[in-house]
Amino acid sequence: SSQVVWDTLGNRQFCSYKITTKTQNFCRNEYNLTGLCNRSSCPLANSQYATIREEKGRCYLYMKTIERAPFPRRLWERVLLNKNYEKALEEIDENLIYWPRFIRHKCKQRFTKITQYLIRIRKLTLKRQRKLVPLRRKIERRETRREEKALIAAQLDNAIEKELLERLKKETYGDIYNFPIHAFDKALQQQEAESESESEAEKEEEEEEDMDKREFVEAEESDLSDFEDMDKLETSSEEEEEKEEEKEVEKEAFHPKSKGKTPLKGPARRKRPYLEIEYEEEIEPRSKTK
Amino acid sequence: AGHGSGPVGSGTEDGGPPAPERVLFPPTFSVSEIKNKQRRHFMFLRWKQQQRKEKLAAKKKRKKEREALGDKAPPKAIPKTIENQRVYDETTVDPNDEEVAFDEATDEFAPYFNRQTVPKILITTSDRPRGRTVRFCEQLSTIIPNSHVYYRRGLALKRIIPQCIARDFTDLIVINEDRKIPNGLVLSHLPDGPTAHFRMSSVRLRKEIKRKGKEPTEHVPEVILNNFTTRLGHSVGRMFASLFPHDPQFIGRQVATFHNQRDYIFFRFHRYIFKSEKKVGIQELGPRFTLKLRSLQKGTFDSKFGEYEWIHKRREMDTSRRKFHL
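The shown structure was predicted, so the numbers you read here are calculated from the model rather than taken from an experiment. Residue indices begin from 1 for each chain and proceed along its sequence in written order. Written order determines the labels here, with chains lettered from A and ligands numbered from 1. Note on the predicted model: pLDDT of at least 70 is required for a residue's local features to be given, and 80 or more for side-chain atom pairs to be given and counted; whole-chain, interface and lining totals, by contrast, use all residues. Hydrogens and water molecules were not included; the side-chain quantities draw on all heavy atoms of the structure.

Participant: Please provide a residue-by-residue account of the overall build of chain A, values included.
Facilitator: When helices and strands are counted, chain A shows 11 helices and five strands. Throughout, a residue-residue contact means that at least one pair of heavy atoms, one from each residue, lies within 4.5 Å. When contacts within chain A are restricted to residue pairs at least 6 apart in sequence, long-range pairs at least 24 apart make up 46% of them. Here the Shrake-Rupley method, with its probe set to 1.4 Å, supplies the accessible areas, and only the displayed protein chains count as covering residues. Accessible surface, chain A: about 20,400 Å² in total, of which carbon and sulfur atoms supply 51%. Each helix is a run of H or I in the DSSP string that is no shorter than four residues. Each strand is a run of E no shorter than two, and both are numbered from the N terminus.

Participant: Report on the overall build of chain B, specifying residues and quantitative values.
Facilitator: Secondary structure assignment for chain B yields seven helices and 10 strands. Within chain B, the proportion of its 326 residues that are buried is 43%. At a minimum sequence separation of 6, the contacts of chain B that also span at least 24 residues come to 65%. Note on classification: 1.4 Å probe, protein chains only; a residue is buried when its accessible area is under 20% of the maximum for its type, exposed when over 50%, partly exposed between these limits.

Participant: If you had to explain the pattern of salt bridges to someone new, which residues and values would you point to?
Facilitator: For side chains bearing opposite charge, pairing can occur when the charged atoms are close. All names here are of chain A. Should a side-chain nitrogen of Lys or Arg be within 4 Å of a carboxyl oxygen of Asp or Glu, the pair is scored as a salt bridge. The full count for this structure, using the stated rule, is 15 salt bridges over all chains. Residue Arg68 pairs with Glu77 through a salt bridge whose shortest N-O separation is 3.6 Å. Judged by its relative accessible area of 35%, Glu77 falls in the partly exposed class. Residues Asp93 and Lys108 are paired through a salt bridge, measuring 3.1 Å at the closest nitrogen-oxygen approach. Taken together, the residues span a long stretch of sequence, with Asp93 in helix α2 (residues 85–95) and Lys108 in helix α3 (residues 101–126) at a distance of 15 residues.

Participant: Describe the interface of chain B and chain A, naming the residues involved and giving the relevant values.
Facilitator: Counting residues at the interface gives 44 residues for chain B and 41 residues for chain A. Take the accessible area each of two parts loses on contact, using a 1.4 Å probe, and add the two losses: that sum is the buried area. Buried area between chain B and chain A, both sides added, is near 4,200 Å², and the carbon and sulfur share of it is 58%. Per-residue buried area on chain B facing chain A is highest for Tyr264, Phe274 and Glu277 of chain B; these three make up 17% of the total on that side. Remark: the boundary between chain B and chain A carries five salt bridges. Between Glu143 of chain A and Lys292 of chain B there is a salt bridge; the shortest N-O distance is 3.4 Å. Two N or O atoms form a polar contact when they lie within 3.5 Å of each other; inside protein one atom must be a possible hydrogen donor and the other a possible acceptor, and for residues adjacent in sequence the pair counts only when both atoms belong to side chains. Counting across the interface, chain B meets chain A through eight residue pairs in polar contact (both at pLDDT 80 or more). Contributions of two or more residues to the side of chain B that touches chain A are made by β5 (195–204), β6 (222–226), β7 (254–261), β8 (264–274) and β9 (280–297) of chain B. The element best represented in the side of chain B that touches chain A is β8 of chain B, accounting for eight residues. Here the side of chain B that touches chain A is built from residues that sort into 13 nonpolar, 12 polar and 19 charged. Each residue gets one of three labels, nonpolar for Ala, Val, Leu, Ile, Met, Phe, Trp, Tyr, Cys and Pro, charged for Asp, Glu, Lys and Arg, and polar for the others, Gly among them.

Participant: Can you explain the confidence of the model for chain B? Please cite residues and give values.
Facilitator: The predicted coordinates of low-pLDDT regions are not to be read in fine detail. A residue's pLDDT is the predictor's confidence in that residue, given on a scale from 0 to 100. Across chain B, the average pLDDT comes to 84, with 91% of residues at 70 or higher. Note on residues 4–16 of chain B: pLDDT under 50 across the span, and 17 contacts to partners over four residues away in sequence or across chains.

Participant: Give me a positive patch on the surface: which residues, what numbers.
Facilitator: Residue and element names in this part refer to chain B. Patch rule: a residue counts if its relative accessible area is over 30% and it has no salt bridge; like charges are joined within 9 Å, and nonpolar side chains (Val, Leu, Ile, Met, Phe, Trp, Tyr) within 5 Å. We treat Lys and Arg as the positive residues and Asp and Glu as the negative residues; His and chain ends play no part in the count. By convention, the point assigned to a charge is CZ for Arg, NZ for Lys, CD for Glu and CG for Asp. The grouping of Lys48, Arg52, Lys55, Lys59 and Arg62 at the surface amounts to a positive patch. Within the element layout of this structure, Lys48 appears in helix α1 (residues 37–69). Its relative accessible area of 37% is what places Lys48 among the partly exposed residues.

Participant: Describe the nonpolar core, naming the residues involved and giving the relevant values.
Facilitator: Buried together is how nonpolar side chains tend to be arranged in soluble globular proteins. Formed by 37 residues in total, the largest nonpolar core has its most connected members in Ile173, Ile175, Phe198, Phe240 and Ile265 of chain B. Ranked by the residues each element gives to this core, the list is headed by β9 of chain B, at five residues. With residues near it in sequence (within four places) discarded, Ile265 of chain B still touches Phe198, Phe228, Val236, Phe240, Phe258, His259, Asn260, Phe289, Thr290, Leu291 and Leu326 of chain B. Nonpolar cores were defined as sets of buried Ala, Val, Leu, Ile, Met, Phe, Trp, Tyr and Cys residues, with membership established by side-chain atoms within 4.5 Å. Counting 23 residues, the second largest nonpolar core, distinct from the first, contains Leu33, Ala50, Val79 and Ile92 of chain A.

Participant: Which residues make up the packing of aromatic side chains, and what values do they have?
Facilitator: In this scheme Phe, Tyr and Trp rings, the latter by its six-membered ring, pair at centre separations within 6.5 Å, and the angle between planes marks the pair as stacked below 30 degrees, edge-to-face above 60, and tilted otherwise. By the definition in use, this model includes 14 aromatic pairs over all chains. Their ring planes at 10° and their centres at 5.6 Å tell us that Tyr85 of chain A and Phe111 of chain A sit as a pair that is stacked. One end of the pair, Tyr85 of chain A, is in helix α2; the other, Phe111 of chain A, is in helix α3, with 26 residues separating them in the sequence. Among the residues examined, Phe111 of chain A registers a relative accessible area of 1% and is labelled buried. With centroids separated by 5.6 Å and ring planes inclined at 85°, the aromatic side chains of Phe136 of chain B and Phe289 of chain B adopt a geometry described as edge-to-face. Here Phe136 of chain B is found in helix α4 (residues 131–143), whereas its partner Phe289 of chain B is found in strand β9, with 153 residues between them in sequence. Residue classification places Phe289 of chain B among the buried positions, given a relative accessible area of 5%. Ring pairs connect the aromatic residues Phe136, Phe198, Phe228, Phe240, Phe244, Phe258, Phe267 and Phe289 of chain B, which therefore count as one cluster. The ring of Phe71 of chain A carries the charged tip of Arg74 of chain A above its face, separated from the ring centre by 4.6 Å. Comment: the charge-over-ring label is applied if NZ (Lys) or CZ (Arg) is within 6 Å of the ring centre and within 35 degrees of the ring normal.

Participant: For the pairing of strand β4 (residues 58–64) of chain A, give the residues involved together with the corresponding values.
Facilitator: Residue and element names in this part refer to chain A. Along β4, six of the seven residues are buried, which leaves the element largely enclosed by surrounding structure. Sheet analysis places strand β3 (residues 49–55) next to β4, joined by seven bridges and oriented antiparallel. What sits directly across from Arg53, in β4, is Tyr60. One requirement defines pairing of two strands: DSSP has to find at least two bridges between them. Counting the residues in the hairpin turn of β3 and β4 gives two residues, including Lys56, whose phi is positive at 55°.

Participant: Please set out the packing of α2 of chain A against α3 of chain A residue by residue, giving values where relevant.
Facilitator: All names here are of chain A. Taken N-terminus to C-terminus, the directions of α2 and α3 make an angle of 155°; their axes are 10 Å apart at the nearest point. By the criterion of interaxial angle, the relationship of α2 to α3 is roughly antiparallel. Judged by the sense of rotation from one axis to the other, the crossing of α2 with α3 is right-handed. Side by side, α2 and α3 meet where Tyr85, Ala88, Leu89, Ile92 and Asp93 of the first sit next to Arg104, Cys107, Lys108, Phe111, Thr112 and Thr115 of the second. Counted by class, the contact of α2 with α3 contains six nonpolar, two polar and three charged residues. Angles run from 0 to 180 degrees between N-to-C directions of axes, and those axes are lines fitted to C-alpha atoms, restricted for helices to the stretch in contact. Here the word oblique covers every angle except those under 35 degrees (roughly parallel), over 145 (roughly antiparallel) and from 65 to 115 (roughly perpendicular). Each crossing gets its hand from how the near helix is turned against the far one by less than a right angle, where anticlockwise is left-handed and clockwise is right-handed.

Structure representation (structure tokens):
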């Protein structure tokens, strides 16, 4: 009758445990020894059959004999195998003595594979395990949106610039930067009672010095410079120069001095082209007004 | 037939697409009652235009009144922002608070702030980092002076930490990766200092930043910490500050900024130049990323037995839109 079963289920009619793929047929039956759908490995089509199954880390040998075929509840006999690998193999041999070679062999193979993967599980649990934390979509979306809004509210560039300017004001940078007007304002505030000529003289001196210093300092920076937008820097400084000129009429007093300076700086000028442009700008309107 | 003035209600209007100057809708009329979508949309646009006109007119009127009053005009109303409306946090640090000052003088960062230790940083990743994370680590290590990148080859953090302490590292940064992008940062101050776990987002490597400058140089950058107001914010801010050596080299003109806004910490790395004493130009180099604090732990990294100072609990802490913790 096992032959009849196989003829029906295995080849011709529908078997619910059978999975067909292009090259292979698999059997989903939990008592199947090899996992393939064959005449010799189908648990339904063989009246004498045995498997190894593991439960909670322990391996059991399941056996089915023809005598118990009418009693489905008692059909599968279960034997707990020894934890020791060799002893378990002997137990399998002992229980499946006089059974067909195929089943014995396949049982031992399956048992080997199972023990191997159990060992691996035990090893892996000792190592660090990655904890997978599921993301919640709504929360992720909310967070990204809030981050964008926070970024806009932060106005980072402005904040950084403000902070840097404040640090400059508090003189944390010491003597590296010399900005004349800043120092000049301070001086004025301190010495408001003094006469105008004196302040003018001071201004002139400071301006002169700072002209020198400014050249010096900016030369350094241009050596270090990694600014691709040098032209921006140029134009801004040019604008500054023009503005300063327009505002302070007294500057004209020492223009002849600056004019006199430039020929001295001839060779030096050519090394730093943008500085050249500065001075030219100053001079040209002067000549126009003349 | 659908577009013309059908039997379904519309106001007193001349019956054609060109909108008249002033449309009067009967008071009980609502645009959403029109069944025809096209018509409804059209009427809605018309209504919107009208609203806008009214608003503009009201604004002009207010402006005229203000000018007419001159000096006696009431002061301009300050618009409400989330920062204005922020729920007052009782742990906000007062600059003159002595207790806080005392705490800060005796906490784990005191040796750093007293200049007894020089920061030395170890940067590593989670297992099997992908290219993006690796490059990010490299860029980080160029920014942070005195930092080293080591690959994590399946080593447990708990075993790395004693080794680091033995080799005089002061800080450990672990960048966690998920699906080929870095998404987490664990910052641990080593000789049993606090451990902060952040969520990292919008990471941009150097090549993805537009208009960036040349590579960051080896100069020690300055550090800017903005908006860390509460006690928690203070401790986090000090953690960040302790990553960088104490004395910045101003010649380098580089600045690293940690800006806290609504509990998001934005990190930027710039090079600045002072064009005048009222104008400064900044140019972004270096990677950028945003962090959000998830937990702050008292000792070094220990997820099971550690003593947590602060954990972000979503259900309790995310209830109000105006409440922030940093």
